[in-house]
Amino acid sequence: MFADDTKLFSSVNSNDDVQGMQKDIDNLLEWSRTWLLKFNTAKCKVMHMGYNNPGGSYKMNGAALEEIESEKDLGVYITNDCKPSTQCSKAAQKAMNSL
């Protein structure tokens with residue numbers, strides 16, 4: 001059994017915040033071990049949002065997490081700049097393909 005679709009969010013504005021987020025990831029892994037719910041590290045990703053975000057790197061089970069700029073979640077594209085342009089272009093492309 002896997003812990004799918006888990007989201008971890010925190011305001012990260014300094015290196016101390018980066019360390020705090022890594023600690024949260026480590027705590028989440030400990031929880032998953034306790035409840036026998038594994039995380040597929042290859043599917044886990046990091047999205048840095050905001051202009052003050054120092055863009056720290058994070059690890060899970062010793063493996064660096066992939067940094068992404070956009071992700072589709074429940075049919076909606078989320079981007080690191082929070083602009084709807086990706087969602088709009090994908091919807092328009094899908095509509096044009098159906099014509």
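It should be noted that the structure appears before, not after, this text.
Attention here is on the structure that accompanies the text. These numbers were taken from a predicted model, which means no experiment stands behind them. (Residues numbered from 1 in each chain as written. Predicted model: local features only at pLDDT ≥ 70, side-chain atom pairs only at ≥ 80, totals over all residues. Heavy atoms only, no water.)

### Quick notes on the overall build of the chain
Working step 1: Secondary structure summary: the chain contains 2 helices and 6 strands in total.
Working step 2: Ordered by position from the N terminus, the helices and strands of the chain form the series α-β-β-β-β-β-β-α.
Working step 3: Over its C-alpha atoms the chain spans a radius of gyration of 16 Å, topping by over 25% the 13 Å that the globule rule assigns to 99 residues.
Working step 4: Residue burial in the chain is summarised as follows: out of 99 residues, 20% are buried. (Helix = DSSP H or I, 4+ residues; strand = E, 2+ residues; numbered from the N terminus. Rg over C-alpha atoms; globule rule 2.2 N^0.38 Å. Buried < 20%, exposed > 50% of the residue type's maximum accessible area, 1.4 Å probe, protein only.)

### Structural notes on the pairing of strand β5 (residues 70-73)
Working step 1: The sheet contact formed by β5 and strand β6 (residues 76-79) spans 4 bridges and is antiparallel. Of the residues in β6, the one forming a bridge with serine 70 is threonine 79.
Working step 2: Between the end of β5 and the start of β6, which pair antiparallel, lie 2 residues, with leucine 74 showing a positive phi angle near 55°. (Pairing = 2+ DSSP bridges.)

### Brief notes about a nonpolar patch on the surface
Working step 1: There is a patch of nonpolar side chains on the surface, built from Met49, Val76 and Ile78 and spanning about 210 Å² of accessible area.
Working step 2: Inspection of the secondary structure assignment puts valine 76 in strand β6. (Patch = residues over 30% accessible without salt bridge, like charges linked within 9 Å, V, L, I, M, F, W, Y side chains within 5 Å. Areas by Shrake-Rupley, 256 points an atom, 1.4 Å probe, with all protein chains shown as cover. Salt bridge = Lys/Arg side-chain N within 4 Å of Asp/Glu carboxyl O.)

### Remarks on the nonpolar core
Working step 1: Val12, Val18, Met21, Ile25, Leu29, Phe39, Cys44, Val46, Tyr58, Met60 and Leu65 form the largest nonpolar core, which has 11 residues in total.
Working step 2: Apart from the residues lying within four places of it in its own chain, the contact partners of valine 12 are Asp17, Val18, Met21, Asn52, Asn53, Pro54 and Tyr58. (Core = buried A, V, L, I, M, F, W, Y, C linked by side-chain atoms within 4.5 Å. Contact = heavy atoms within 4.5 Å.)

### Some remarks on the side chain of histidine 48
Working step 1: Topologically, histidine 48 is positioned in the loop between β1 (45-47) and β2 (59-60).
Working step 2: Side-chain polar atoms of histidine 48 contact the backbone oxygen of glycine 56, separated by 3.1 Å.
Working step 3: Not counting chain neighbours up to four residues away, the residues in contact with histidine 48 comprise Asn53, Gly55, Gly56, Tyr58, Glu67 and Asn80. (Polar contact = N/O pair within 3.5 Å; in protein donor to acceptor, adjacent residues only side chain to side chain.)

### Notes on the state of the cysteines
Working step 1: For the structure on display, the rule yields 0 disulfides.
Working step 2: Unpaired in terms of disulfides, cysteine 82 finds its nearest cysteine sulfur in cysteine 88, a separation of 14 Å.
Working step 3: Exposure remark for cysteine 82: the relative accessible area of 58% places this residue in the exposed category. (Disulfide = S-S within 2.5 Å.)

### Things to note about the pattern of salt bridges
Working step 1: Under the defined criterion, the tally for this structure stands at 3 salt bridges.
Working step 2: The partner of aspartate 73 in a salt bridge is lysine 7, and the shortest N-O contact between them spans 3.4 Å. Of this pair, aspartate 73 sits in strand β5 while lysine 7 sits in the segment before α1 (15-34), and the two are 66 residues apart along the sequence.
Working step 3: When the shortest N-O distance is used, the salt bridge between glutamate 71 and lysine 45 registers 3.7 Å. Of the two residues, glutamate 71 is situated in strand β5 and lysine 45 in strand β1; the sequence distance between them amounts to 26 residues.

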